[in-house]
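This is what each chain is made of:
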Amino acid sequence: MKALFLLVFIGVMIGVGIYSKKKVKDTNDFFLGGRNMGAWMSAFAYGTSYFSAVIFIGYAGGLGWKYGVSASWIGMGNAVFGCWLAWKMLAQKTRDMTHNLDVRTMPEFFEKRYESKNMKFIAALVMFVFLVPYTASVYKGLGYIFESSFGISFNTVILGMAILTAFYLLLGGYVATAINDFIQGIVMLIGSILMVFFVVNNDAVGGFSGAFTKLSALDSGLGMVFSDSSRRLSLMSMIFMTSFGVWGLPQMIHKFYAVKDDHAIKRGTIISTIFAFVIGVSAYFTGSLGRLFFIEDGVAVMPQGNADMVVPLMLEKALPDALLGVIVVLILSASMSTLASLVLVSSSTISIDFIKGYVKPDLSDQKTMSIMKVFCALFVALSYVMAVFQSNTIVYLMSLSWGIVSGMFLGPYVWGIWWKKTTKFGAWAGFLGGGIVIGGYLILEKLGILLIDMPIISCIAMIVSSITVPLVSLLGKETNTALIQKAFGEATIEN
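Residues numbered from 1 in each chain as written. Predicted model: local features only at pLDDT ≥ 70, side-chain atom pairs only at ≥ 80, totals over all residues. Heavy atoms only, no water.

Chemist: Can you walk me through the overall build of the protein in this structure?
Modeler: When its secondary structure is counted, the protein shows 20 helices and two strands. Across the 495 residues of the protein, 61% fall into the buried class. In the protein, once contacts between residues fewer than 6 apart in sequence are set aside, the share between residues at least 24 apart is 85%. Here the protein has roughly 18100 Å² of accessible surface; of this, 68% comes from carbon and sulfur atoms. (Helix = DSSP H or I, 4+ residues; strand = E, 2+ residues; numbered from the N terminus. Buried < 20%, exposed > 50% of the residue type's maximum accessible area, 1.4 Å probe, protein only. Contact = heavy atoms within 4.5 Å. Areas by Shrake-Rupley, 256 points an atom, 1.4 Å probe, with all protein chains shown as cover.)

Here is the structure:
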C-alpha cells in the first residue's frame, strides 16, 4: 500500500511536468510563471516551500524532543509572522517594485534598487553557495523517512529524489512547480491532520491529556505549554529565525514576484496563514510526542542517538501501513516543492544574474533558459553530494543556510522596498553586518570555541543586518531622485 501511494504521487508529478512544458515559452514563463499566478496557487506555493522534510523530520523531531509541547509555538509563530505578517508587509511592495524596476531575481533587485553590479554579484554568489546546505538538509530528511519506512538505503533515496526533482522542474519550471505545489498542499493538509490524530491516540501517548501527563513525568518542562526558563531563550530564537528568516530568503520572496494582482495577494494572505497554522502546529506538536515512543526503564532514549530519526521511527510505530504511506507522500510533497523552489532561484543566479548579467549580456532568451536548466541539474547534483557526505544534523544545516542568506539579505531587502532613503552604503552595511556575524561564528566553531547555538547566531545576524541598514543610510548620500521615483512608482518624492 505504501508503495502504491508513492508510485501514484510520482506519476502525478511527472504528468504535471509534461503538461506544464507546453506552457513554458520563455524565461519569464520558466522562472515566474508569466507573473500570472492566482491566490490559491501562490499561497500554496509559498506554504509548501516553507514546510519540507526539514520541518517534519529535523525540526519537529529534534526540537520537539528538546522543548516538548511548547515547540508548537514555533508553528504558530511561522503562521503569524512567517506567513500573515510577511504577506502583509512584503507581497504588495515586492510585486510593485519588481514590476517597476523590471527585475526577476533578488540579485537583480539589489543591482537596480541600489545601482550596484557588485552587490548583484555578491548576492548571486551567496545564494548559489549557501542555499546548497538548505537543499542538502531537505534531502537528508527524505532519506531518513524513506530508509525507515521502506528499508531503501539513504543514498539511493536521495539519488532518486534528486533525479525526480530535476526531471519535472526542467520540463515545466515554475508552472510545474506551482501546479504540483497546489496538489502537494492538499495532501499535506489532509496528511497532517491524520498524523496528529493517530499519533495522539496511540497507546504510547494516551490522548491529549495523556500526552501532557506523560511528558511532564519525564521532565516537567516538556509538558508545559509555555517553556520553562531554561529553554525559553533558545525556543524564542527558533521562533524568530524560522518566522522572520523567510523574509530574506529568495525562494520565498520569489512567490511575490509571480502573484497576479492585488486581489490575489489579499486572498493569498489568508490562505497561506491558515495553511501554515495547520501544517506547522501539526508537525511540531507531533514531534513533541517523540519521547513517549522511546522509553527504556522509565527514561526516554533518543533512537540511534540521532534527533533526525525520532519522527521517522515514531511514525513507523504509531501509524498503520496505509496511513504511513500517506504520511510519506506528505513529507515527500513538502520536500519536493521546497527543493524545486530552491533549485529554481539558485540556478537563476548563475544564468540570469551572472552569465547574462556579466559574461554575455546579449544572450538570447532561449539560450538563457537552456543555461538555467543546466544549472538546475548542477545545483541538484551539488546538494546530493552534500547530503550524502555532510554529517551535521538537519537543524544545523538549515540554520547555517538561513543565517547567512537571510542574515545578509533581510535588512537591505525589507528597507529597500519600504524606505525611500535607504542608500547603497546602507544596503552594503546590512550585507556585511549579517555576513560578519555568521562568518565570525564559523571561525570560532572551527577553533572549537562554541558559545551559543547556530539558531541564536542566525537571529543575531538578521537583527544586525536590519539595524545597520537605516543607521548607515542616514549617514550617507541619498539615492538619486529618478531611481526612487521609478522604484516606488511615484511622480514626486515624499519623506
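Here the narrative resumes, following the displayed structure.
Chemist: Which parts of the structure should I look at to understand the nonpolar core?
Modeler: Buried together is how nonpolar side chains tend to be arranged in soluble globular proteins. Grouped together as the largest cluster of nonpolar side chains are 144 residues, with contacts concentrated most on Phe110, Leu315 and Phe409. A total of 15 residues in this core trace back to one element, the largest contributor, which is helix α15 (residues 321-359). Once you skip the residues sitting within four places of it in the chain, Phe110 turns out to touch Glu115, Ser116, Met119, Ala123, Phe409, Pro412, Tyr413 and Phe431. (Core = buried A, V, L, I, M, F, W, Y, C linked by side-chain atoms within 4.5 Å.)

Chemist: Explain the packing of helix α3 (residues 39-50) against helix α13 (residues 262-288) to me, please; I cannot follow it from the model alone.
Modeler: Geometry of a packed helix pair, given as the angle between the helix axes and the separation of the axes. Look at α3 against α13: their axes get within 8 Å of each other, and the N-to-C directions meet at 40 degrees. Put simply, α3 runs oblique to α13. Seen from above, α3 lies across α13 with right-handed handedness. When α3 is examined against α13, the residues Ala39, Trp40, Ala43, Phe44, Tyr46, Gly47 and Thr48 are found in contact with a partner set consisting of Ala264, Arg267, Gly268, Ile271, Ser272 and Phe275. A per-class count over the contact of α3 with α13 returns eight nonpolar, four polar and one charged. (Axes fitted to C-alpha atoms, helices over the stretch in contact; angles between N-to-C directions. Parallel < 35°, antiparallel > 145°, perpendicular 65-115°, else oblique. Left-handed = near helix turned anticlockwise from the far one by under 90°. Nonpolar A, V, L, I, M, F, W, Y, C, P; charged D, E, K, R; others polar.)

Chemist: What should I look at first to understand the packing of aromatic side chains in this one?
Modeler: Two numbers describe a pair of aromatic rings. These are the distance of the centres and the angle of the planes. By the definition in use, this model includes 21 aromatic pairs. Measuring from centroid to centroid gives 5.8 Å for Trp40 and Phe44, while their planes differ by 50 degrees, and the two rings are tilted. Placement of the pair is Trp40 and Phe44 together in helix α3, with a separation of four residues, close to one helical turn. Under the relative-accessibility criterion, Trp40 is labelled partly exposed at 42%. Between Phe110 and Phe431, the aromatic rings sit 5.1 Å apart at their centres with planes inclined by 90 degrees, giving edge-to-face as the arrangement. Residue Phe110 is located in helix α6 (residues 106-114), and its partner Phe431 is located in helix α18 (residues 424-446); the two are separated by 321 residues in the primary sequence. The pair Phe110 / Phe431 is uniform in exposure class, with both members buried. Positioned over the ring face of Trp418 is Lys93, at 4.5 Å from the centre of the ring. (Phe/Tyr/Trp six-rings, centres within 6.5 Å; stacked < 30°, edge-to-face > 60°. Lys NZ or Arg CZ within 6 Å of the ring centre and 35° of its normal.)

Chemist: I tried to follow helix α16 (residues 365-389) on my own but got confused; where do I start?
Modeler: Helical geometry: 3.6 residues make up each α-helical turn, so side chains three or four residues apart lie on a common side. In a regular helix each residue adds 1.5 Å, so 25 residues correspond to 36 Å; α16 covers 36 Å between its end C-alpha atoms and thus fits that length. Along α16, the residues that are buried comprise Thr368, Met369, Met372, Phe375, Cys376, Phe379, Val380, Ser383 and Ala387. (Expected span 1.5 Å × (residues − 1).)

Chemist: I tried to follow unusual backbone geometry on my own but got confused; where do I start?
Modeler: As a rule of thumb, non-glycine residues mostly have phi less than zero, and peptide bonds are mostly trans rather than cis. You will see that Asp102, though not glycine, has its phi angle at about 55 degrees, which is positive. Along the chain, Asp102 falls in the loop between α5 (72-101) and α6. Here Asp102 falls in the exposed class, since its relative accessible area comes to 55%.

Chemist: For this particular structure, what's the right way to read the packing of α18 against helix α19 (residues 454-475)?
Modeler: Closest axis-to-axis distance for the α18/α19 pair is 7 Å, and the angle between their directions is 155 degrees. Overall, the two elements α18 and α19 adopt an arrangement that is roughly antiparallel. For the crossing formed where α18 meets α19, the hand is right-handed. Contact with α18, carried on its side by Phe425, Gly426, Ala427, Ala429, Gly430, Gly433, Gly434, Val437, Ile438, Tyr441 and Leu442, involves Met454, Ile457, Ser458, Ile460, Ala461, Val464, Ser465, Thr468, Val469, Val472 and Ser473 of α19 and no other residues of that element. Classifying every residue of the contact of α18 with α19 gives 14 nonpolar, eight polar and no charged.

Chemist: How should I be thinking about α6 in this particular structure?
Modeler: Burial within α6 is extensive, with eight of its nine residues counted as buried. Two to three positions downstream of the cap, the backbone nitrogen of Glu108 sits 3.1 Å from a side-chain oxygen, assigning the N-cap of α6 to Thr105. Two residues or fewer after α6 comes Glu115, characterised by a positive phi angle close to 50 degrees. (Polar contact = N/O pair within 3.5 Å; in protein donor to acceptor, adjacent residues only side chain to side chain.)

Chemist: I tried to follow a nonpolar patch on the surface on my own but got confused; where do I start?
Modeler: Together, Ile443, Leu444, Leu447, Ile449, Leu451, Ile452 and Ile460 line one region of the surface with nonpolar side chains, adding up to about 640 Å² of accessible area. As for its position among the elements, Leu451 is in the loop between α18 and α19. Given the relative accessible area of 71%, Leu451 is considered exposed. (Patch = residues over 30% accessible without salt bridge, like charges linked within 9 Å, V, L, I, M, F, W, Y side chains within 5 Å. Salt bridge = Lys/Arg side-chain N within 4 Å of Asp/Glu carboxyl O.)

Chemist: I'm lost on the side chain of Ser406 in this one. Help?
Modeler: When you line up the elements, Ser406 lands in helix α17 (residues 394-418). Of the polar contacts made by the side chain of Ser406, one reaches the backbone oxygen of Gly245; its length is 2.6 Å. Dropping the residues within four chain positions of it, Ser406 is found in contact with Phe244, Gly245, Gly248, Leu249, Ser401 and Met462.

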